[in-house]
Number of protein chains: 2
Amino acid sequence: MTAKTKSSPTTPAAPAAGDLLRLDNQLCFALYAASGLVTRAYRPLLEPLGLTYPQYLVMLALWEDAPRTVKALGQALDLDSGTLTPLLKRLEAAGFVTRRRDTQDERKVQIELTDAGRALQARAAEVPAALACQLHLPLNEIVDLRATLQDLARRMKA
Amino acid sequence: MTAKTKSSPTTPAAPAAGDLLRLDNQLCFALYAASGLVTRAYRPLLEPLGLTYPQYLVMLALWEDAPRTVKALGQALDLDSGTLTPLLKRLEAAGFVTRRRDTQDERKVQIELTDAGRALQARAAEVPAALACQLHLPLNEIVDLRATLQDLARRMKA
DNA sequence: TCCAATTGCATTGTACACAATTAAATATGA
DNA sequence: TCATATTTAATTGTGTACAATGCAATTGGA
């Protein structure tokens, strides 16, 4: 997946035809690499909280809205139960959440925060700022980039 | 990791203090989600080539410059040998590359394309365009986004 | 009402991704 | 020259990520 466009004074040059497969010209690789870098930068910040990065995302979703079914979590995070079930089991083992069969519909599993899980939010509140300073980007650019990525995701899903 | 900045006419609003941990306000999640979406979009395009997405990235790197050591590939792709060694073994098993100990320094392993690996490039050349149309983004925006992500990666690594 | 279709989650199998560790080869400095 | 430090790739262990499949519960339509 490459970009093809006319050069403009403020836009980087589009790749020549012979360069279509160059790594540097792939948005997909830029995404993959940046995402990997950011995820890696989170690790030392989340370790003291006893969370991996995907677990942190799950906790973010639950702090925002709990209890939630596995399906709802999966929709919020674009993850399937193959990923979520073992992850949630580990979060339950760590004492941060409980997993209960829904009483009205036994297919559903409700994920609820424990007191420890709720208490973790205060410590986690320090993580975003700690990470932000590692990005070395002006804040307006961060907001812009985030919005662009969300726009891309929206378009791809439509 | 959130964005904090003053609102501007064209920039999305920065999150309020109480919203710092909201999923929608995390650049990290926007990156993670977009990257996941793009990777997933590649899968059906790469399957006929017998490649997974990370393998495709490795092949892109080798089409650009081969032979290469595992270390060089790791540097180009920000992956370590824990990830690369099994991946390269599978590429070798598929007949696309060979793995040879370097004669001058036996610690190094040279990864070289086979004829089949080289021939694969022509088929792979169709992938970027096929994917690009799934992004539903103007091309100048694609180039911009790519450049911004590369800038972010550069800054994080400095 | 009843049965087929659908849903929700768990499991299975495969491929990453990365920290920590290991073993062998090479480089470095006294 | 030789011992130590460093380098390179492989391995080990753990946690994702996702397609395919399985099972039980629920839904929907005849």
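The rules behind the values
Residues numbered from 1 in each chain as written. Chains lettered and ligands numbered in written order. Predicted model: local features only at pLDDT ≥ 70, side-chain atom pairs only at ≥ 80, totals over all residues. Heavy atoms only, no water. Near = heavy atom within 4 Å. Polar contact = N/O pair within 3.5 Å; in protein donor to acceptor, adjacent residues only side chain to side chain. Helix = DSSP H or I, 4+ residues; strand = E, 2+ residues; numbered from the N terminus. Pairing = 2+ DSSP bridges. Contact = heavy atoms within 4.5 Å. Buried area = accessible area lost by both parts, 1.4 Å probe. Salt bridge = Lys/Arg side-chain N within 4 Å of Asp/Glu carboxyl O. Nonpolar A, V, L, I, M, F, W, Y, C, P; charged D, E, K, R; others polar.

## Topic: the protein's contact with DNA strand D
Next, step 1: Of all residues adjacent to DNA strand D, which total 29 residues, the nearest are A:T52, B:Y32, B:K71, B:T85 and B:R99.
Next, step 2: Within 4 Å of the protein, the contacting atoms of DNA strand D are drawn from sugar and phosphate to the extent of 79%.
Next, step 3: In this structure, a phosphate oxygen belonging to DNA strand D sits 2.9 Å away from a main-chain N or O atom of A:E106.
Next, step 4: Measuring from a base oxygen of DNA strand D, one finds a side-chain N or O atom of B:R107 at 2.9 Å.

## A short note on the protein's contact with DNA strand C
Next, step 1: The environment of DNA strand C is formed by 29 residues, the closest being A:Y32, A:K71, A:T85, A:K89 and B:T52.
Next, step 2: A breakdown of the atoms of DNA strand C within 4 Å of the protein gives sugar and phosphate a share of 79%.
Next, step 3: Here a phosphate oxygen of DNA strand C sits 3.5 Å away from a polar atom, N or O, in the side chain of A:R43.
Next, step 4: In this structure, A:S81 approaches DNA strand C through a side-chain N or O atom, which is 2.8 Å from a base nitrogen.
Next, step 5: Those elements that provide at least two residues to the surface near DNA strand C are α1 (27-46), α3 (70-77), α4 (81-93) and β2 (97-101) of chain A together with α2 (53-64) and α4 (81-93) of chain B.

## Looking at the sheet that holds strand β2 (residues 97-101) of chain B
All names here are of chain B.
Next, step 1: Pairing within the open sheet is antiparallel, and its 3 strands lie in the order β1-β3-β2. In the strand order of this sheet, the two ends are held by β1 (68-69) and β2, each with one partner.
Next, step 2: Relative to strand β3 (residues 109-113), β1 runs antiparallel, the two sharing 2 bridges. Each residue of the ladder has a partner; that of T69, found in β3, is Q110.

## With respect to the interface of chain B and chain A
Next, step 1: In this complex, chain B contributes 70 residues to the contact, which on the side of chain A involves 70 residues.
Next, step 2: Here chain B and chain A share an interface that buries about 6,600 Å² over both sides, 71% of which is from carbon and sulfur atoms.
Next, step 3: Residues B:R22 and A:E64 are paired through a salt bridge, measuring 3.8 Å at the closest nitrogen-oxygen approach.
Next, step 4: In this assembly, chain B and chain A are joined by 10 residue pairs in polar contact (both at pLDDT 80 or more).
Next, step 5: Going through the elements one at a time, α1 (27-46), α2, α3 (70-77), α5 (115-124), α6 (127-135) and α7 (139-157) of chain B are the ones with two or more residues in the side of chain B that touches chain A.
Next, step 6: Top element by residues in the side of chain B that touches chain A is α7(B). It accounts for 17 residues.
Next, step 7: Of the residues assigned to the side of chain B that touches chain A, the class counts are 46 nonpolar, 13 polar and 11 charged.

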